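# Fold and geometry: a report
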Amino acid sequence: MFFFPFTAHAHMIPTVDMAKVFANRGVKPTIITTPVNASFFSKTIERSKESSIDIDVKIIKFPTVEAGLPEGCENADLIPTAQEGGDDLLTKFFMAIAMLQEPLEQLLRECKPDCLVADMFFPWATDAANKFGIPRLVFHGTSFFSLCASECVSLYEPHERVQSDSEPFVVPNLPGNIKLTKDQVHAKKVIGTDLNMMIKAAREPQPKRYGVIVNSFYELEDTATEDKAERGKKSAIEEHDCLKWLDSKKPNSVVYISFGSVESFTSAQLKEIAMALEASEQQFIWVVRKQKNNNEEEEADWLPEGFEKRIEGKGLIIRGWAPQVLILDHEAVVEDL
């Protein structure tokens with residue numbers, strides 16, 4: 001599993017921590033970085049190895065000269081601030097970041113990892129991974145809350161409906177009555193520059209990505225995490241009841257079955273699926289679009305007689321919308337179909 005952090009301390013530190021978590025679970029993580037940045041966390045990697053946590057590091061050249069940067073300027077924290085005249089260097093730095101696509105693709109071609117976790121500031125990493133059939137996860141070093149807030153502001157544009165830059169507005173569809181101003185939404189922009197285009201590309205949705213990893217955890221952001229879980233329609237099952245059922249299962253023991261909100265099946269097809277699930281003796285959660293009906297005869301049309309009683313405790317049927325994010329995040333779920 002490859003980890004490709006953005007070359008800044010605030011991005012590299014959580015990436016190294018994340019690599020440790022995966023290593024502790026039997027995954028072989030490899031961190032891709034540049035010579036200067038490797039020196040920043042080399043001691044951490046060595047200490048991890050002493051604790052039998054093996055993390056590999058692969059080095060790629062940072063194109064400082066090609067981008068017009070001073071030698072050794074490979075980390076965003078080494079660039080002078082705007083007040084110190086660093087705007088031009090920052091633009092060149094992001095140009096150098098874009099040049100890392102070619103050496104990344106070369107590593108992917110040679111090593112063929114099972115997965116690539118690449119920072120949000122590498123939007124081109126999705127296409128690079130797709131060339132070799134490698135799933136790419138986007139890593140956000142920020143929180144669930146800020147991601148949700150940014151998405152809501154981007155989707156609904158509440159800042160466009162206020163009269164001044166200082167007038168507060170409520171961020172729609174976000175719990176907690178969160179208020180912002182246009183000044184807070186619009187940080188300093190460099191319209192029309194390559195830098196602004198790169199930052200915009202990093203923030204835009206990437207439909208080809210496999211998923212998103214966020215630097216957070218449930219106990220820190222329970223409300224924001226639940227808001228993420230409640231996307232789409234209202235769930236047909238209480239999240240608490242669903243999690244309670246999953247908590248009673250061993251890790252990697254449950255298969256999640258859902259064919260999406262568009263696909264529909266005949267009663268005969270659903271009955272075949274039900275019979276196959278029972279015969280497999282596999283614990284499962286099965287999401288079915290067909291709504292439960294008070295008419296027992298209609299229920300019998302698509303479920304084998306006595307099916308729900310026989311699978312009690314082993315299988316869970318959700319008729320309608322399911323809290324899919326929460327389910328797939330649970331350690332009990334081993335596979336989804």
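Just above, that's the structure.
These numbers were taken from a predicted model, which means no experiment stands behind them.

## Overview of the overall build of the chain
Secondary structure summary: the chain contains 15 helices and twelve strands in total. Considering only contacts in the chain between residues 6 or more positions apart, those separated by 24 or more positions represent 68%. In the structure as shown, the chain presents an accessible area of about 19600 Å², 51% of it carried by carbon and sulfur atoms.

## Overview of the nonpolar core
Ranked by size, the top nonpolar core spans 28 residues in total, and within it Phe4, Leu104 and Leu116 carry the most contacts. Breaking this core down by element, the ones donating at least two residues are strand S1 (2–4), helix H4 (87–98), helix H5 (101–111), strand S4 (116–119) and helix H6 (125–130). The dominant element in this core, judged by the number of residues it contributes, is H4, at five residues. Other than its neighbours up to four places away in sequence, Leu116 contacts Phe2, Phe4, Leu104, Leu108, Ala125, Ala129, Ile134, Pro135, Arg136 and Leu137. If you look at the next biggest cluster of nonpolar residues, it comprises 17 residues, including Val16, Met18, Ile31 and Leu137.

## So, the side chain of Thr181
Summarising the element assignment, Thr181 is placed in strand S7 (residues 179–181). Looking at Thr181, the relative accessible area reads 15%, which means it is buried. Those residues in contact with Thr181 that lie beyond four places of it in its chain are Asp165, Ser166, Glu167, Pro168 and Phe169.

## What about the sheet that holds strand S10 (residues 283–288)?
A sheet is described by the order of its strands in space; here four strands give the open sequence S11-S10-S9-S12, paired in parallel fashion. At either margin of the open sheet sits one strand with a lone partner, and together these are strand S11 (315–319) and strand S12 (333–336). Ignoring which end each strand starts from, the neighbouring axes of this sheet average 20° apart. Summarising the sheet, strand S9 (residues 254–257) and S10 pair through four bridges and their orientation is parallel. In the strand pairing of S10, Val254 is matched with Gln283.

Criteria and thresholds
Residues numbered from 1 in each chain as written. Predicted model: local features only at pLDDT ≥ 70, side-chain atom pairs only at ≥ 80, totals over all residues. Heavy atoms only, no water. Helix = DSSP H or I, 4+ residues; strand = E, 2+ residues; numbered from the N terminus. Contact = heavy atoms within 4.5 Å. Areas by Shrake-Rupley, 256 points an atom, 1.4 Å probe, with all protein chains shown as cover. Core = buried A, V, L, I, M, F, W, Y, C linked by side-chain atoms within 4.5 Å. Buried < 20%, exposed > 50% of the residue type's maximum accessible area, 1.4 Å probe, protein only. Pairing = 2+ DSSP bridges. Axes fitted to C-alpha atoms, helices over the stretch in contact; angles between N-to-C directions.

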